[in-house]
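For reference, the chains in residue letters:
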Amino acid sequence: MDVYNEFTGLRQDGRRPNEMRIIDAKIGTVPGCTGSSHFKMGQTEVIAQVFGPSENKGGDRDIAEVNVSLEYADFAKAPHSTDTARTRRSRESELIIKQTFEEAIRRECYPNSRIDIFITVVQDDGGCQSAAINAATLSLIDAGIQIFDFVVSLSTAFIADQVFLDTGRTESSARFPVLELAIFPSSSEIVSMNMTAR
């Protein structure tokens, strides 16, 4: 799959390797939840909602329990993707996002509590896990949940001996290693890191 033209130095979508897609973010977009956000990276579009902190009957009493649910809207399905592959990918991303926010949220401030994060991928054009982490961060901020630092995430790929920032669907689905990285920007501490190669 030809994702990069070495002659022009451009990707299929016209970006240079070090260029990101346009980002659009809004908070407080969904009524009826504690916090919410709508986050777009290019054509990838994600909605996140936070509920809580609410009483947790069971589990660890000293710190809050973090639960994450990641779902793809039916119309956000990638062409030719199977439900099994999408479900497996969703569950892997859920676990990574859960572990990321268990590190980011000041859970000791919410004993006997649970914080639920619901993420819906409205459109999938690559970099969904990073978009989901960014959307969840904004929703937590909107909800007033105490965090150590906000979390920012970006996907990168290594193609033709170059690092490509903010991978789109073409680059993510090609046979190149893709790294999804989430950090605390004030300290540059890595919160989560996940590499895949198809």
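Predicted model only: the values in this text are computed from it and were never measured. (Residues numbered from 1 in each chain as written. Predicted model: local features only at pLDDT ≥ 70, side-chain atom pairs only at ≥ 80, totals over all residues. Heavy atoms only, no water.)

### Overview of the pairing of strand β11 (residues 189-197)
Turning to step 1, where the next piece is worked out: As paired elements, strand β10 (residues 177-184) and β11 share eight bridges and run antiparallel to each other. Looking at β11, one finds that Pro 177 is bridged to Ala 197.
Turning to step 2, where the next piece is worked out: The hairpin formed by β10 and β11 contains four residues between the paired strands, and Ser 188 there has a positive phi angle of roughly 60 degrees. (Pairing = 2+ DSSP bridges. Helix = DSSP H or I, 4+ residues; strand = E, 2+ residues; numbered from the N terminus.)

### Some points on the sheet that holds strand β3 (residues 23-27)
Turning to step 1, where the next piece is worked out: The strand order β3-β4-β5-β7-β6 describes an open sheet built from five strands, whose pairing is mixed. Looking at which strands have only one partner, the edges of the open sheet turn out to be β3 and β6 (65-72). In this sheet, adjacent strand axes meet at a mean angle of 15 degrees when their direction is disregarded.
Turning to step 2, where the next piece is worked out: One ladder, built from five bridges, connects β3 with strand β4 (residues 35-41); its direction is antiparallel. In the strand pairing of β4, Ile 23 is matched with Met 41.
Turning to step 3, where the next piece is worked out: Sheet strands in contact with helix α2 (residues 128-143) are β3, β4, β5 (44-55), β6 and β7 (113-123), and its direction is about 150 degrees off that of β4. (Axes fitted to C-alpha atoms, helices over the stretch in contact; angles between N-to-C directions. Contact = heavy atoms within 4.5 Å.)

### Looking at the packing of aromatic side chains
Turning to step 1, where the next piece is worked out: Taken as a whole and judged by the stated rule, the model has two aromatic pairs.
Turning to step 2, where the next piece is worked out: Ring centres of Tyr 4 and Phe 164 lie 5.1 Å apart, and the angle between their planes is 90 degrees; this geometry places the pair in the edge-to-face category. Here Tyr 4 is found in strand β1 (residues 4-5), whereas its partner Phe 164 is found in strand β9 (residues 162-165), with 160 residues between them in sequence. Residue Tyr 4 shares its accessibility class with Phe 164, and that shared class is buried. (Phe/Tyr/Trp six-rings, centres within 6.5 Å; stacked < 30°, edge-to-face > 60°. Buried < 20%, exposed > 50% of the residue type's maximum accessible area, 1.4 Å probe, protein only.)

### What to know about the sheet that holds strand β8 (residues 152-159)
Pairing between sheet strands relies on hydrogen bonds along the backbone, with the strands arranged either parallel or antiparallel.
Turning to step 1, where the next piece is worked out: Strand order in the open sheet made by the four strands is β9-β8-β10-β11, with antiparallel pairing throughout. The sheet terminates laterally at β9 and β11, the two strands that pair on one side only. The average undirected angle you get between the axes of adjacent strands in this sheet is 25 degrees.
Turning to step 2, where the next piece is worked out: Bridge analysis of β8 against β10 gives six bridges, and the strand direction is antiparallel. Along β10, the bridge assignment pairs Val 152 with Ile 183.

Take it as geometry only, folks, not as evidence of what the structure does.
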